[in-house]
Amino acid sequence: MMPLRQSLELGLILCRTCGHAVLRARLEVNRRCPRCQSRIEHRTPLSTEMTLAWLIAGMVLYIPANLLPVMHTSGLLGESDSTILGGILEFWRGGDWDIALLIFIASVAVPLTKFLAIGLLLFTVRANSRWEQRQRTTLYRIVEFIGYWSMLDVVVVALTSALMQFQALGAAEPRAGIGFFCAVVVATMLSALSFDPRLIWDRRA
Amino acid sequence: MSPILICRDCDAVYRAIPLNRGDVAVCRRCDAVLARHFGVDIEGALALVGAAAILFAIANLTPVLSIEVAGAQTQANVWFAVRSLQQGWISVAAMGLAFTTFVIPAAQIALLFWVLLFARCGLRPPGFAPVMRHLHRMRPWSMTEVFLLGALVAIVKLANWVPIAAGPGIWAVAALTAVLALLGRCDPASWWSIAPGVET
């Protein structure tokens, strides 16, 4: 098999938006892709800085998202505020372990995995590491794929609040925590999208 | 000379080979998908987009879930869900939800329809480059499947207390998820070759 060559060695550059391979010599001053008109760069500019900035934003927002209540319910059983973790515990105690597990995965496991995985990717890229490059690239793709499932709790709270509108029997209203939680999902998705996985394979002197 | 493929994830350069139905080209070094067989032809894709548009309309015009207690009834679909989050600055979440489950899927369907309709007639769609660019960029933000799972969770969650029923909308959301997934599996890179006069 022929050895693999990097695009730079062959005078090529990739448009990461549309996947077009462009001859560097044909790239004009404005550095736009001839096919889709997106800006083309050898590596996403400020990739690690942007990834880190969005990652920190996501981690900071994750604190109020968990401490503040996401929903307020009132009804025959009185009034109560529930947080994400509180809601999971309630399902667990009520015997709905499957729903508890699903919400736990979407709202706790996925965001925490993303924080750890993006942190690991950033650290190893900054350290110019050659450790497990293939697996780290797969890790990046997993992070990209699982990210948006965290939106699940936002959907559940919104639907519950829309449906539970019976004064006497029960009513539900969203609370501030869910706004923070939605912001966490957006910030961590932007963090993953800012990361340029090609940095895992680059050898800097 | 065969076209060149460059791996999105590790920048390795390959010479493309013709793919057969169901074939997926994978990067030797990092396992990223380099290219897929187109899967469906323009007419097939157009039919899928048409189906998606109808399903999207049903999902948004009929209730996905409904509850009836002592004569009082409440209903919910994407729009009811978005509206219930419009309170003070929780509206951030309302905007997030509206974008990912309504605006983006609607835009995807409309833009794909635009591109495919012209391609079907053998014309280059006006604004082809920006339309395709936006289709590429929108992909990670389309969350119809998350809405479907959320609706299912809500059913199980509320079924303990109130008689909750799934409306026709939930079937439309489920089918829409499948159709959008099928359209998503068609290789976006090869969408570029559907319009005449485009450099590939």
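Residues numbered from 1 in each chain as written. Chains lettered and ligands numbered in written order. Predicted model: local features only at pLDDT ≥ 70, side-chain atom pairs only at ≥ 80, totals over all residues.

Quick word on the overall build of chain B
Scanning chain B for helices and strands turns up seven helices and seven strands. The helix and strand sequence of chain B, counted from the amino end, reads β-β-β-β-α-β-β-α-α-α-α-β-α-α. Expressed as lengths along the three principal axes of its C-alpha atoms, the size of chain B is roughly 70 × 40 × 35 Å. Within chain B, the fraction of its 200 residues that count as buried is 38%. (Helix = DSSP H or I, 4+ residues; strand = E, 2+ residues; numbered from the N terminus. Buried ≥ 20, exposed ≤ 12 C-beta atoms within 10 Å, placed from the backbone.)

Observations regarding the domain arrangement of chain A
Each domain of chain A was delimited in the assignment, giving domain 1 (1-42) and domain 2 (47-200). For domain 1 of chain A and domain 2 of chain A, the distance between their C-alpha centroids amounts to 35 Å. (Domains from an automatic or database assignment.)

Concerning the interface of chain B and chain A
When the parts of a complex come together, some accessible area is lost, and that lost area is often used as the size of the interface. Taken together, the contact pairs 55 residues of chain B with 53 residues of chain A. When residues of the side of chain B that touches chain A are traced back to their parent elements, those giving at least two are β1 (4-6), β2 (12-15), β5 (65-69), β6 (72-76), α2 (78-84), α3 (91-120), α4 (128-138) and α5 (144-159) of chain B. Residue composition of the side of chain B that touches chain A, by class: 38 nonpolar, seven polar and 10 charged. Where strand β1 (residues 5-6) of chain A meets β2 of chain B, two bridges bridge the pair, whose relative direction is antiparallel. Among the inter-strand pairings, Q6 of chain A is bridged to a residue of β2 of chain B, identified as A12 of chain B. (Contact = placed C-beta atoms within 7 Å. Nonpolar A, V, L, I, M, F, W, Y, C, P; charged D, E, K, R; others polar. Pairing = 2+ DSSP bridges.)

Considering the environment of A25 of chain A
Residue and element names in this part refer to chain A. Within the secondary structure layout, A25 lies in the loop between β3 (21-23) and α1 (47-67). For A25, a count of 7 C-beta atoms within 10 Å gives the class exposed. Separated by 86 residues in the primary sequence, A25 and P111 have C-alpha atoms spaced 42 Å apart.

Section: the environment of L61 of chain B
All names here are of chain B. For L61, the position within the fold is in helix α1 (residues 42-61). Owing to 12 C-beta atoms within 10 Å, L61 belongs among the exposed residues under this scheme. Sequence-wise, L61 and A76 are 15 residues apart; in three dimensions their C-alpha atoms are separated by 10 Å.

Some points on the domain arrangement of chain B
Its domain assignment divides chain B into domain 1 (1-37) and domain 2 (40-194). Here the C-alpha centroids of domain 1 of chain B and domain 2 of chain B sit 30 Å apart.

Re the sheet that holds strand β7 (residues 164-166) of chain B
All names here are of chain B. What the three strands build is an open sheet, ordered β6-β5-β7; its pairing is antiparallel. What marks the edges here is a single partner per strand, and that holds for β6 and β7. Between one strand axis and the next, the sheet turns by 20° as a mean value, whatever way the strands run. The pairing of β5 with β6 spans five bridges and is classified as antiparallel. Paired with S66 across the two strands is Q75, which belongs to β6. The strands that α5 touches are β5 and β7; relative to β7, the one it contacts most, it runs at about 155°. (Axes fitted to C-alpha atoms, helices over the stretch in contact; angles between N-to-C directions.)

Re the sheet that holds strand β6 (residues 165-166) of chain A
All names here are of chain A. An order of β5-β4-β7-β6 is seen for the four strands of this open sheet, with the pairing classed as antiparallel. Each having just a single partner strand, β5 (80-82) and β6 make up the two edges of the open sheet. On the sheet, helix α5 (residues 152-163) packs against β4 (71-75), β6 and β7 (170-174) and is oriented at approximately 140° with respect to β7.

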